[in-house]
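# Observations on the model geometry
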Amino acid sequence: MNNIGTSIAPHEVKQRLKVTVRGAVQGVGFRPFVYRLAVELSLTGWVLNSSQGVFIEVEGDKTTLDQLLLRLQAEKPPRSFIQSLEFSFLDPMGFKSFEIRESSDTGAKTTLVLPDIAVCPDCLREVFDPTNRRYLYPFTNCTNCGPRFSIIESLPYDRAHTSMKHFAMCPECQHEYEDPLDRRFHAQPNACPVCGPQVTLWDNKGNICSITHNALLGAVLLLCEGKIVAVKGLGGFHLMVDARNDEAVRRLRVRKHREEKPFALMYPSLEMIKEDCEVSEFEERLLLSPESPIVLLKRVNPQSTIRNTHPPVAPGNPYFGIMLPYTPLHHILMQALGFPVVATSGNLSDEPICTDEFVALKRLNNIADAFLVHNRPIVRHVDDSIVRVMLGRELVLRRARGYAPLPITLGTIHELPVLAVGAHLKNTVAMSAGDNVFISQHIGDLETAESLNAFHAVINDFQKLYDVQPRDIVCDIHPDYLSTKTAKSFGNNVTEIQHHYAHVASCMAENQLEGEVLGVSWDGTGYGLDGTIWGGEFLLTTQQSFRRVAALRPFRLPGGETAIKEPRRVALGLLYEIFGADLFARYDIASLQAFSSGDLDIVRQMLARGLNAPHTSSAGRLFDAVASLIGLRQKLNFEGQAAMEMEFLTASNTTEESYEFQLSHDNSHQDDTQTMAISDFHLPILIDWSPMIKEILSDLKENLSPGIISTKFHNTLTDIIVRVAIIIRRQRIVLTGGCFQNKYLTERTVVRLEQEGFRPYWHQRVPPNDGGISLGQIYALLRLKSKDTSNIPNHTPSEGAR
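### Here's the deal with the pairing of strand E24 (residues 546-552)
Taken residue by residue, a regular strand's side chains alternate between the two faces of the sheet. Counting buried positions over the seven residues of E24 gives six, a clear majority of the element. In sequence, strand E23 (residues 533-541) turns back onto E24 through a hairpin of four residues. Of the strand pairs in this sheet, E24 and strand E28 (residues 685-688) are connected by three bridges, and their pairing is parallel. Its bridge partner lying in E28, Ala-550 is registered against Ile-685.

### A few points about the side chain of His-478
Secondary-structure assignment places His-478 in the loop between strand E20 (472-476) and helix H12 (482-489). Given a relative accessible area of 19%, His-478 falls into the buried group. Look past the residues within four positions of His-478 in its chain and what remains in contact with it is Thr-484 and Tyr-527.

### Structural notes on the sheet that holds strand E9 (residues 237-242)
Backbone hydrogen bonds hold the strands of a sheet together, and the pairing may be parallel or antiparallel. Read across the sheet, eleven strands follow the order E7-E6-E14-E8-E9-E13-E10-E12-E11-E15-E16 without closing on themselves; strand pairing throughout is mixed. Edge positions in the sheet fall to strand E7 (208-211) and strand E16 (393-398), since each has one partner strand and no second. Taking the axes of each pair of neighbouring strands and ignoring which way they run, one obtains an average angle of 35° across the sheet. In this sheet, strand E12 (residues 319-323) lies alongside strand E10 (residues 264-266) in parallel orientation, the contact comprising three bridges. By the bridge assignment, Met-266 is partnered in E12 with Met-323. In the packing of helix H6 (residues 246-256) onto the sheet, the strands contacted are E9 and strand E13 (341-345), and the crossing angle to E9 comes to about 145°.

### Some details on the pairing of strand E6 (residues 199-203)
Of all five residues in E6, four are buried, a share of seventy percent or more. Sheet analysis places E6 next to strand E14 (residues 370-374), joined by five bridges and oriented antiparallel. Bridge pairing links Leu-201 to Leu-372 in E14. Pairing of E6 with E7, which is carried by three bridges, proceeds in the antiparallel orientation. Following the sheet pairing, Leu-201 is matched in E7 by Ser-210. Counted between consecutive antiparallel strands, the loop separating E6 from E7 contains four residues, among which Gly-206 sits at a positive phi close to 90°.

### Some details on unusual backbone geometry
The omega angle of the peptide bond from Leu-155 to Pro-156 is 0°, so this bond is cis rather than trans. Relative to the assigned elements, Pro-156 resides in the loop between helix H3 (121-127) and helix H4 (171-178). Put simply, Ala-404 and Pro-405 share a cis peptide bond, and its omega is 10°. If you check the backbone angles, Asn-612 has positive phi at about 50° while not being a glycine. Position of Asn-612 relative to the elements: it lies in the loop between helix H17 (597-609) and strand E26 (615-616). According to the relative accessible area criterion, Asn-612 is partly exposed, its value standing at 48%. The backbone phi angle of Asn-703 is positive, close to 60°, even though this residue is not glycine. Relative to the assigned elements, Asn-703 resides in the loop between helix H20 (690-701) and helix H21 (706-728). On the accessibility criterion, Asn-703 (67% relative accessible area) is exposed.

Rules used in this analysis
- Residues numbered from 1 in each chain as written.
- Predicted model: local features only at pLDDT ≥ 70, side-chain atom pairs only at ≥ 80, totals over all residues.
- Heavy atoms only, no water.
- Buried < 20%, exposed > 50% of the residue type's maximum accessible area, 1.4 Å probe, protein only.
- Helix = DSSP H or I, 4+ residues; strand = E, 2+ residues; numbered from the N terminus.
- Pairing = 2+ DSSP bridges.
- Contact = heavy atoms within 4.5 Å.
- Axes fitted to C-alpha atoms, helices over the stretch in contact; angles between N-to-C directions.

Structure follows, in C-alpha cells:
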C-alpha cells in the first residue's frame, strides 16, 4: 500500500491504480461519480459494482492518481459513506478510455445495502413542473433518492437484481441511464409515465375504479369524503383517513380494533406542522431528512388544524407522531388534499404491514373503503421509522425505513457470521459479517402466525441477501419465546443471552464501549437467570459477561400475563408486599376500587397462595402500579400506555422533590452513600421502593395532584440510579431498556449523573426498547468469545449466557 502524500518525481511514467471501496457505495451514484471524476482528470480505466463494493482500476501519472484518491473521499455522493478504501499501484495495462463495466456478483457479499431514501428536491421540482415529462408522476427518482432496500432482491445493486426488472426503460429513460452527465446515470429504479409503474384505484372488492392520475384524484376525493383508503407506498400499505374528521378516525379505530394507541399523521407541509406543534431546529431537520421518519412533536395549538383538545388520532396524548410526504406519490396526494391525514400501518393489530395488493385486499377489506395500489412489487416490508429528540440528539424508537439495514460497526472483527433472533416483542433480527452488524427492519410482536411468518421471512432474506450461513445463533434465555424456539431448531451452536444484559450490550455496541460499564437496564419484562421476571436491573459488565449488582425489590404479579395488561393487579401485588392481607381492608385505594368483589377475591387468593403470581423486579411494572394508585390507568389498551401517561403528567410540574427509598443492608442516611463502597453490601443490592409507595399513599390522602406525584416518582427513580452509581463507582453508566424511551426520566438522569462526575451513555440510532435486543445479543456473544482462543462453540457458559 502507498500513502497519498508521497512526493512526486519530475518525470513520472504512467501507473495503474487499483482501488476497492467498501461501504454504502451502491445505489447512491458512486460509479457515475467515479466516471465523471476520471473523465475530468483525463484518466483511463474502468469502474464496476461487485457484491464486495466498488472496484476501480485507473491509469495516469502519479500526481493525477493521487488527486483521484483524495477526491474520492472528499467529494463522494452525499448519501454514500466509505468504510474502507484500499489501493495499490501496479504496472499499467494500457487502457484506452474510461468505462463503467458490467457488475460482478462473484466473491463474498460485503457491500452495504442502502435504506430507502426520501424524494430529493430535484425530483420533487420535476414532479410539480407542468413542462416536465415526469409531471405528477408518482414514481420519479434519481441516484440521490427513491427506493433501495424495499426493491433489492440480491447484490450487486443493479436493475436486474431489483423488482424494477419487470419494467423495460423507454428510449428517453435509457438515454438518461447511459448519460454520465445526467443525475439518473445508472439510477436503477429510473422510470417515467411511459415505461414505469402505474397506480390504480380499486374498491374494496378489487374492482378497478380508475387508473394513473385519475386514480390519485379518486383517492383524494374519497379521503375528502371521510372514507378510509389503503395506500400502497414504498415499503407497504398505509391506512389513510382525514385526521380532522373525528367520526372517520373513530371508524378506523373500530375497524382496526385499535382503541387508544396514537395514530401517525402525515402533513402536507412543514408550515402546517408548525401551526399545530412545537418544532425545534433539530426536529425540523429530521422531518426534512432523507430518512424522513415519524417525529414525536409536542402539540401547542389544538385549535388550528386538528381542533379537538383530545382528538381521536392521539387521545390524551400531548404529542403527535408526524411525518412529511417522502415519496412523489405521497407528495401528490398531500398537495391535492391540503390537510393532514392519519397514515397508520396497513395491517391488522399485531400483524406485519401488508406489502402485496392482493394480500391487502384480503386482509384489509373490512377496514378500507378503497385501495390505491401500484404494480411495482415490494420485495420486503419496511414500516415507517419513529424518532424523538432527547438531550438534543435523535433517539430512534422504531428502526425501519430510512435506517435499516445500515449496520452498526463494531470495534472488533469476528470472522464467523452470527445470527441473532431478537426478543419476543418489537422483534428485529441481526446478522454479523466482519465488523458490521446488520439489524433488520422492525418486524413487530411475535404474537400471530402472520408475524411469525414475517420473522422467518426476514431471517431467510438476510441470509440470501448477504449470502451468509451463520456459524453461531444467539437468542434470549426465555424458554417460551418463539424466537428462542426458532433458534434452537437451527442446530447446536446456539447461545442464550439474558435479556437485560442484551440491552446493555446493545447500548455498548452502539457507543463502541468495551470492558466495564454499569448498565441500568429497566423495562417491563425479561426472563431472569433465577427464573423470575427481571426488569429493574443494575448490571456490571465484566470482560466477557456481567454481574447483577443491584435490582428493584421484587413483588408478585397476580395473574401473570394478565397483570401486565392491568396496572390495578400490579398495584395490588406491590401493596401486598408491604401490607400483606391487611391491604384488602384499605378501601380508600383506587386500585382496590377498580375490581368487582368477585375478581378481588380471586386476586386475594392468588397472592395469598402464590398461585399464578410470579415475582418481578420490573421498573416498567412499577410505573404501572403507581399509575393505578393515583387513578390514572387501571387497564391498558396498548403496551406502555400507563408509563407514557405517567411521563405526560410531568410536563406541567417542576417540583424537585422526591420520595424516600432504602437499599438492603444499608442503615445509613442516603447522604452518607458517598462514604460507602460496593463491598459494604451483599449483592445484588435490593432497592426497596416501599418507603416511596407509603409516601405516595400519604400524598393521595393530602389530595396532592397526580402530576406532582408522578414528577416526584420520576425524580425518585433518578435518585435511585445516581445513588447506586455512587456505590458501584464505575464512571461509565449505560442507560437502556424501554423505560429510557421516557424523555423526562432519561434527561434528568443524564444531567444528574454528569453533575456527579459520571459519563452516561444512552441510545441514538438503535432503539432502547426490544428493537435493539438483536444487536445486543450479537455483541454479548462476541464479548463472550473475546478470550476464547479455541473458537469452539461448545464453551462453558458464563453468568450472562448459556
